Amino acid sequence: MDSFLYALIIIVPAVVLMFSAFYTFKKRMEGGSIKKAVRVNLATFLVLIVMVSVFAFVASAENGADAAAAPAAATETAAEAEEESSSSSKGLGLLAAGLVTGLAGIGGGIAVAAGAPAAIAATSEDPKSFGKSLIFVALGESIALYGVVISILILNKV
């Protein structure tokens, strides 16, 4: 059952993302509204995040139930049980670090996507405003760097 859940965690999101990308490409080629396709992609991405998290917790709970069903004295020592619980918290720490880095990268990308064209336009009108414009673009990029720093702190804690 474990291998089935792990395969489900890997295969289902990949297939759904491929169909979502195909839908976006199809809408773009038909001349349809790209905004609706982007909304569908974002909704699909959020549903997949929730789904993968639920599958991971189910697989983790199943492993915990299997370990609890067997007598602890016969199968595991106290050190092995502590190591298993530590690996579960390490997995959640890795998941948190990845989530922090990904969301910070997305936020930084949105900020740079809004700030960089405005900075280019301001610089083309007045070349003296280059330094001020560069600060706003750098502020957007720093969001992603903060996410990486927090991710490193999480990884050091685990």
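Bear in mind the structure is a predicted one, so any value in this text is a computation, not a measurement.

(A) Layout of the overall build of the chain. Along the backbone of the chain there are five helices and zero strands. Going residue by residue from the N terminus, the α and β elements of the chain occur as α-α-α-α-α. Within the chain, the fraction of its 158 residues that count as buried is 15%. A fraction of 68% describes how many contacts in the chain between residues 6 or more apart in sequence connect residues 24 or more apart. When the accessible surface of the chain is split by element, carbon and sulfur atoms take 74% of a total near 11,100 Å².

(B) Representation of helix H5 (residues 130-157) within the structure. Between its first and last C-alpha, H5 extends 41 Å over 28 residues, near the 40 Å set by a 1.5 Å rise per residue. Of all the positions in H5, only Ser-133, Val-137, Gly-140, Ser-142, Gly-147 and Ser-151 are classed as buried.

(C) Molecular detail of a nonpolar patch on the surface. Together, Leu-17, Phe-45, Leu-46, Leu-99, Leu-103, Ile-106 and Ile-110 make up an exposed nonpolar region whose accessible area comes to about 670 Å². At the level of elements, helix H2 (34-69) and helix H4 (78-125) are the ones that each hand at least two residues to the nonpolar patch. Sorting elements by how many residues they give to the nonpolar patch places H4 first, with four residues. Turning to its location among the elements, Ile-106 is positioned in helix H4. Classification of Ile-106 by relative accessible area gives partly exposed; the value is 45%.

Reading the values: the criteria
Residues numbered from 1 in each chain as written. Predicted model: local features only at pLDDT ≥ 70, side-chain atom pairs only at ≥ 80, totals over all residues. Heavy atoms only, no water. Helix = DSSP H or I, 4+ residues; strand = E, 2+ residues; numbered from the N terminus. Buried < 20%, exposed > 50% of the residue type's maximum accessible area, 1.4 Å probe, protein only. Contact = heavy atoms within 4.5 Å. Areas by Shrake-Rupley, 256 points an atom, 1.4 Å probe, with all protein chains shown as cover. Expected span 1.5 Å × (residues − 1). Patch = residues over 30% accessible without salt bridge, like charges linked within 9 Å, V, L, I, M, F, W, Y side chains within 5 Å. Salt bridge = Lys/Arg side-chain N within 4 Å of Asp/Glu carboxyl O.

By themselves, these are just geometric observations and shouldn't be taken as functional.
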